[in-house]
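A closer look at the structure
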Amino acid sequence: MDPAPGRNIIDDAMLDKLVGGDEEAWKRFFEVFDSLIRSIVSWPKWHFSETIREDILQTVRMEIHKSLGRFRKDSSLEYFVKRICIHRCIDEIRKQVRERELMSPYDYTQAGSDYREMMAGTGLDFDPVLAVVLSERASALREILNDMDDTCKNTIESFYFKNQSYKEMAARFNISVITAGTRLAKCLDKLKIILRRNRFFREECLPTTDSHSNCNR
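This text gives an overview of the structure that appears in the document.

Cut-offs and rules
Residues numbered from 1 in each chain as written. Predicted model: local features only at pLDDT ≥ 70, side-chain atom pairs only at ≥ 80, totals over all residues. Heavy atoms only, no water. Phe/Tyr/Trp six-rings, centres within 6.5 Å; stacked < 30°, edge-to-face > 60°. Buried < 20%, exposed > 50% of the residue type's maximum accessible area, 1.4 Å probe, protein only. Helix = DSSP H or I, 4+ residues; strand = E, 2+ residues; numbered from the N terminus. Disulfide = S-S within 2.5 Å.

**Let's talk about the packing of aromatic side chains**
Here a ring pair, both rings aromatic, is described through the centre-centre distance and the interplanar angle of the planes. Enumeration according to the criterion identifies nine aromatic pairs in this entry. Ring plane angle 85° and centroid distance 5.2 Å describe the contact between Trp43 and Trp46, whose orientation is recorded as edge-to-face. Taken together, Trp26, Phe29, Phe30 and Phe33 form an aromatic cluster joined through their ring pairs.

In structure tokens, the structure reads:
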């Protein structure tokens, strides 16, 4: 594939026609870029069905049509198209995760990140579904922690996010080391109760065959 499809075909004059809604220009545009769009949306690691792929293709084409007016002529048109494709694929995975259609990943990416290198430069083990699942899980957990009382929020963040020891936590909160450990245990118990009620985590918190909850792991 041409590393920059359309670079010599979609010139400034044609871009002006596209922005102006010229039908022939748009027909030519998609003749040039359709294979690139399809290759991204059909990437096997998305695990999309044929129906979903077709829906995303239509969404991508409409978005390109609406947003091309924001394209800067000194930028890469190929990257502009790729970015729209990848973000709409990410949106679909997020939707499936939130609707629990993906109960578990098939095989880290934060919302708003630049996905420039997602299609190329990633190893064979890279799984975009797992990346989105982990991102959604992290965001959901962060929202839950933000809603907890300050004592538990700060205690859990200190131990798990800042990797502070009980001794460091004791010094930070002006409490004994024993109290630091006891406080963390009580806060984790509160967190487990909240997770069992949360739609995103509740399946993971159901008792397993050995009578233990996944939230205890």
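**Considerations on unusual backbone geometry**
For Asn163, which is not glycine, the phi dihedral falls at a positive 55°. Overall, the relative accessible area of 63% leaves Asn163 in the exposed class. The phi dihedral of Asn174 falls on the positive side, at around 60°, and the residue is not glycine. Mapped onto the elements of the fold, Asn174 is located in the loop between helix H7 (166-173) and helix H8 (177-197). With relative accessibility at 72%, the residue Asn174 sits in the exposed group.

**Concerning the state of the cysteines**
A covalent bond bridging the sulfur atoms of two cysteines is what the word disulfide describes. Enumeration according to the criterion identifies one disulfide in this entry. Disulfide pairing places Cys152 opposite Cys187 at an S-S distance of 2.3 Å. Because the sign of the S-S torsion sets the handedness, a value of about -80° for the bond joining Cys152 and Cys187 places this disulfide among the left-handed ones. Taken as a pair, Cys152 in helix H6 (residues 150-161) and Cys187 in helix H8 lie far apart in primary sequence, 35 residues in all. Neither Cys152 nor Cys187 differs from the other in exposure class; each is buried. Summary of cysteine pairing: Cys85 is not part of a disulfide, and the nearest cysteine sulfur, belonging to Cys89, is at 6.7 Å.

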